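Chains, contacts and geometry: an overview
So you can see what is in the structure, the chains are spelled out below.
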Amino acid sequence: MAMIEIPQKAEQILRVLHENGYEAYVVGGCVRDSLLGRTPEDWDITTSASPAQVKQLFSRTIDTGIRHGTVTVVLDRERFEVTTYRIDGEYEDGRHPKQVTFTSSLEEDLKRRDFTINAMAYSDESGFVDLFGGRKDLQDQVIRCVGHSAERFREDALRMLRAVRFAAQLGFRLTDSVRGSIYELAYTLKQVSAERIQAELVRLLISPRPHWFRLAYECGITAVVMPEFDRIMTQRQNNPHHAYSTGEHTLVAMQNIPADKVLRLTMLFHDMGKPEVFETDEAGIDHFHGHAAHSEGIARQIMKRLKFDNATTETVCTLVRNHSRYPKLNAYSVRLTAYEIGGPQLFEQFLQVKRSDVLAQHPDVIGAKLDYLKEVEHIWQDVKLHGDCLSLKELAVSGSDLIADGRKPGPQIGETLHLLLMEVLEFPERNRKEYLLERSREMRFM
Ligand code: ATP
Ligand code: MG
């Protein structure tokens, strides 16, 4: 019999529960991932013990979702979610189950789970509990609902997006029934909270197959949760830079950038403003002047709607707004761009964004544009190596230095520092205190 290597601490939790007369299994994602030879993110445990009983058996626990039967057990610093066997009650508007009922039946607990590959349990004593053919579906690489697809999606609409997310993560296909039911019921995703949609969208985007976002489009999901994407799928771009529609270009660009939330979101949004500025000249060539600013506006709207946090939103918007900048091939222009974009980290993300954008363009232009980008990167490495000043913080004088030198406190201090920084960005060797104080004295009567 095939076996799963359960980590020691999870094993210890199972043992304690067993010794006290309860059933307990590892369940869900960790069983699926172990069978696939992937390293599970976390080890969830399902048990016949009630939350109160679980809390009695372990010294450190957290009431994570006690109403839904989940207690987090802390061993050393590691956390394990231990959930009582449960049946999900009526779902309110495709959102949360109104109430859950605890049960003594593992089968009932597995039945409430979304997909066959997520509905397996395992313990060393009992081996695999696979009541719905999860192992066969893993082998056949399909996402199939536990029970009737449409019914399961009516209970919780988010499962439709989860189906696509798991397909993209694993490279699996959807059964015809899953696909058909999504097509029929995608509109009900309107009722699902922004937070839950955001979490699944991000998991889809940072998967090894972000371009399977197309599947969400084909099934009618994006039409509901991100209609802005449907608009670029039909936006042609008949010009020498491009080989595909804006949407196809976007999918390829996402594939070309590392699996990072900010970077993938940036590529998803970077050209969404194109339909708003689309123009065709007399020669039949399509232009999209100023599209980056429009894309930023759309990115901001979408991220607000999906309740992304401010830090993520600002970083993504900055990258989208700047993605079509071309610094000139000299150190001054590279330093100035790095400063204007917001610092070294953003500048390096900007370079990654440009590279993936270029790689998704017309084969005839890729070579020259990559050569250009390599040159920018080369100059940037030199700038870093020299430790050139790139921000007010690194300037050899501060506001208090100017005041100590006899300047009146006030807004002119900030303006002076800004002018000094502009000069130092052009001539990094001038970042010396004596020199800058002298320059500031010359500026005093401006
Ligand atoms: P990952 O490794 O990406 O976290 P996972 O399978 O652990 O994948 P989770 O979202 O963490 O996914 O959910 C844990 C388990 O809970 C799932 O394997 C599934 O059995 C069940 N589950 C989660 N969400 C739902 C849902 N909306 N409907 C039904 N069952 C669900
Ligand atoms: Mg999980």
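These lines cover the structure that appears in this document, whether it is placed above or below.

The rules we used
- Residues numbered from 1 in each chain as written.
- Chains lettered and ligands numbered in written order.
- Predicted model: local features only at pLDDT ≥ 70, side-chain atom pairs only at ≥ 80, totals over all residues.
- Heavy atoms only, no water.
- Helix = DSSP H or I, 4+ residues; strand = E, 2+ residues; numbered from the N terminus.
- Buried < 20%, exposed > 50% of the residue type's maximum accessible area, 1.4 Å probe, protein only.
- Contact = heavy atoms within 4.5 Å.
- Areas by Shrake-Rupley, 256 points an atom, 1.4 Å probe, with all protein chains shown as cover.
- Lys, Arg positive; Asp, Glu negative; His and termini not counted.
- Charge placed at Lys NZ, Arg CZ, Asp CG, Glu CD.
- Pairing = 2+ DSSP bridges.
- Near = heavy atom within 4 Å.
- Polar contact = N/O pair within 3.5 Å; in protein donor to acceptor, adjacent residues only side chain to side chain.
- Disulfide = S-S within 2.5 Å.
- Salt bridge = Lys/Arg side-chain N within 4 Å of Asp/Glu carboxyl O.
- Axes fitted to C-alpha atoms, helices over the stretch in contact; angles between N-to-C directions.
- Expected span 1.5 Å × (residues − 1).
- Core = buried A, V, L, I, M, F, W, Y, C linked by side-chain atoms within 4.5 Å.
- Phe/Tyr/Trp six-rings, centres within 6.5 Å; stacked < 30°, edge-to-face > 60°.
- Lys NZ or Arg CZ within 6 Å of the ring centre and 35° of its normal.

The helix and strand tally for the chain stands at 23 helices and 13 strands. For the chain, the spread of C-alpha atoms along the three principal axes comes to 85 × 60 × 40 Å. Taking all 446 residues of the chain together, 51% fall into the buried category. Counting contacts in the chain only where the partners sit at least 6 residues apart, residues at least 24 apart contribute 64% of the total. When the accessible area of the chain is evaluated, it comes to approximately 21300 Å², of which 48% is carbon and sulfur surface. Here the chain holds 57 positive side-chain charges and 65 negative ones, and the gap between their average locations is 2 Å.

Residues Ala24 and Val26 line one face of strand 1 (residues 24-27) and the alternating positions Tyr25 and Val27 line the opposite face, and both faces are buried. Examined bridge by bridge, strand 1 and strand 2 (residues 45-47) share 3 bridges and lie antiparallel to one another. Bridge pairing in strand 2 links Tyr25 to Thr46. The sheet contact formed by strand 1 and strand 8 (residues 121-123) spans 2 bridges and is antiparallel. Its bridge partner lying in strand 8, Val27 is registered against Ala121.

With that settled, consider the site of ligand 1. What surrounds ligand 1 is a group of 15 residues, the closest being Arg32, Arg159, Arg162, Arg165 and Arg203. One of the side-chain nitrogen or oxygen atoms of Arg162 is found 2.8 Å away from an oxygen atom of ligand 1. Between ligand 1 and the protein, one listed contact pairs an oxygen atom with a side-chain N or O atom of Arg165 at 2.7 Å. When isolated, ligand 1 has an accessible area of 590 Å², and the protein chains bury 83% of it. The set of elements that each furnish at least two residues to the shell around ligand 1 consists of helix 2 (29-35), helix 7 (158-170) and helix 9 (194-205). Looking at the shell around ligand 1 element by element, the count peaks at 4 residues for helix 7.

Taken as a whole and assessed by the stated rule, the structure comprises 0 disulfides. Distance from the sulfur of Cys219, which forms no disulfide, to the nearest cysteine sulfur (Cys145) is 12 Å. With relative accessibility at 2%, the residue Cys219 sits in the buried group.

Here we come to the side chain of Lys369. Here Lys369 lies in helix 20 (residues 363-386). For the buried Lys369, no salt bridge exists, and the shortest N-O distance to an oppositely charged side chain is 7.3 Å, to Asp357. In contact with Lys369, other than residues within four places in its own chain, are His241, Tyr326, Val358 and Gln361.

Two orientations exist for strands paired in a sheet by backbone hydrogen bonds: parallel and antiparallel. Strand order in this open sheet of 7 strands is 3-4-5-2-1-8-9, and the pairing throughout is mixed. A strand with exactly one partner marks an edge of an open sheet, and here the two such strands are strand 3 (61-65) and strand 9 (127-129). Taken pair by pair, the neighbouring strands of this sheet meet at an average axis angle of 35 degrees, ignoring direction. Pairing of strand 3 with strand 4 (residues 70-75) involves 3 bridges; the strand directions are antiparallel.

To continue, consider the pairing of strand 5 (residues 78-84). Note: strand 2 against strand 5, 3 bridges, orientation parallel. From the neighbouring strand, Ile45 faces strand 5, where its bridge partner is Val82. As paired strands, strand 4 and strand 5 are joined by 6 bridges and run antiparallel to one another. The residue of strand 5 that forms the bridge with Val73 is Phe80.

The first and last C-alpha atoms of helix 9 sit 16 Å apart over 12 residues, in line with the 16 Å expected at 1.5 Å per residue. Every buried residue of helix 9 is accounted for by Ala194, Ile197, Gln198, Glu200, Leu201, Val202, Leu204 and Leu205. On its buried face, helix 9 sits against helix 7, helix 10 (213-218), helix 11 (222-225), helix 13 (246-255), helix 14 (261-269) and helix 16 (291-305).

With that settled, consider the nonpolar core. Judged by nonpolar contacts, the single largest core of 118 residues is most densely connected at Phe213, Ile221, Met226 and Phe269. Other than its neighbours up to four places away in sequence, Ile221 contacts Met160, Leu161, Val164, Ile182, Ala186, Leu189 and Ala216. Within the second largest apolar cluster, 7 residues are counted, among which are Val27, Tyr85, Leu106 and Leu110.

What follows concerns the packing of aromatic side chains. This model, assessed by the stated rule, comprises 8 aromatic pairs. Residues Phe347 and Trp380 carry aromatic rings whose centres are separated by 4.7 Å and whose planes lie at 55 degrees to one another, so their mutual orientation is tilted. In this pair, Phe347 sits in helix 19 (residues 344-359) while Trp380 sits in helix 20, placing the two residues 33 residues apart along the sequence. In this pair, the class of Phe347 matches that of Trp380, namely buried. Cluster of aromatic residues (ring-pair linked, three or more members): Phe213, Tyr217 and Phe229. Seen from the ring of Trp212, Arg209 lies directly overhead, with NZ or CZ sitting 5.8 Å from the centre. Of note, Lys354 hangs over the ring of Tyr326, and the distance from its end group to the ring centre comes to 3.9 Å.

Along the chain, the position of Asp271 falls in the loop between helix 14 and helix 15 (274-277). Look at Asp271 and you get buried, because its relative accessible area is 2%. At 3.3 Å, the side chain of Asp271 and the side chain of His249 are in polar contact. Sequence-distant contacts of Asp271, defined by excluding residues within four places in its chain, comprise Ile232, Thr246, His249, Thr250, His291, Ser295 and His323.

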